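# Fold and contact review
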Amino acid sequence: MSASLTLMIDGQACEAPPGSNVAALLWSLGRPARRSLRGEVRLPWCGMGVCGECRVTIDGRDGVLACLTPCRAGLRVQTQRGGRR
């Protein structure tokens, strides 16, 4: 069994199992990728890059689909902290 990967989510170190994607990691940690304008949690619906509800900033790039992004060591993920992305 492979060791877990360490990546950063909103400035905090997190461990992810090899082969997982960023959306699955966020879900397992109970952290939403986005919130509505009223602050309600938005969850990924499709899991295959169609709905866009899992958009995050990864390594400084905005609007990246977390469901299509494999976790890798050193990845820096910034979720939406409120308002519109």
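In this report, the structure presented in the accompanying data block is examined. (Residues numbered from 1 in each chain as written. Predicted model: local features only at pLDDT ≥ 70, side-chain atom pairs only at ≥ 80, totals over all residues. Heavy atoms only, no water.)

## Some details on the sheet that holds strand S7 (residues 76-78)
- One open sheet holds the five strands; their spatial order is S2-S1-S7-S5-S6, and the pairing between them is mixed. Two strands lie at the open edges of the sheet, namely strand S2 (12-16) and strand S6 (61-65), each paired on one side alone. Adjacent strand axes in the sheet meet at a mean angle of 40°, parallel and antiparallel pairs treated alike.
- Both strand S5 (residues 55-58) and S7 contribute to a ladder of two bridges, which runs antiparallel. Bridge pairing links Ile-58 to Val-77 in S7. (Pairing = 2+ DSSP bridges. Helix = DSSP H or I, 4+ residues; strand = E, 2+ residues; numbered from the N terminus. Axes fitted to C-alpha atoms, helices over the stretch in contact; angles between N-to-C directions.)

## Regarding the side chain of Thr-79
- Tracing the sequence through the fold places Thr-79 in the segment after S7.
- Of note is the side chain of Thr-79, whose polar atom sits 2.6 Å from the side chain of Asp-10. (Polar contact = N/O pair within 3.5 Å; in protein donor to acceptor, adjacent residues only side chain to side chain.)

## Comments concerning unusual backbone geometry
- The residue Asp-10 is not glycine, and still its phi comes out positive at about 50°.
- Given the relative accessible area of 15%, Asp-10 is considered buried.
- Its identity as a non-glycine residue notwithstanding, Asp-59 has a phi of 50°, on the positive side.
- By secondary structure assignment, the location of Asp-59 is in the loop between S5 and S6. (Buried < 20%, exposed > 50% of the residue type's maximum accessible area, 1.4 Å probe, protein only.)

## A word on the nonpolar core
- With 19 residues, the main nonpolar core has Leu-7, Ile-9, Val-22, Val-56, Ile-58, Cys-71 and Val-77 as its most contacted residues.
- Contributing elements (two or more residues each) for this core: strand S1 (5-9), S2, helix H1 (22-28) and S5.
- Of the residues forming this core, the biggest block, four residues, is contributed by H1.
- Leaving out residues up to four positions away in the same chain, Val-22 has contacts with Ile-58, Ala-66, Thr-69, Cys-71, Leu-75 and Val-77. (Core = buried A, V, L, I, M, F, W, Y, C linked by side-chain atoms within 4.5 Å. Contact = heavy atoms within 4.5 Å.)

## Quick look at the environment of Cys-51
- In this structure, Cys-51 sits in the loop between strand S4 (41-42) and S5.
- On the basis of relative accessibility, which here comes to 29%, the residue Cys-51 falls in the partly exposed class.
- Expressed as a C-alpha distance, the spacing of Cys-51 and Ala-23, which sit 28 residues apart in the sequence, is 13 Å.
- Those residues in contact with Cys-51 that lie beyond four places of it in its chain are Pro-44, Trp-45 and Cys-46.

## Describing the environment of Leu-68
- Summarising the element assignment, Leu-68 is placed in the loop between S6 and S7.
- Beyond its immediate sequence surroundings of up to four residues, Leu-68 is in contact with Met-48 and Gly-49.

## Some details on the pairing of S5
- The pairing of S5 with S6 spans three bridges and is classified as antiparallel. Bridge pairing in S6 places Val-56 opposite Val-64.
- Where S5 folds back onto S6 in an antiparallel hairpin, the turn is made up of two residues, including Asp-59, whose phi is positive at roughly 50°.

The values are spatial; any link to function lies outside them.
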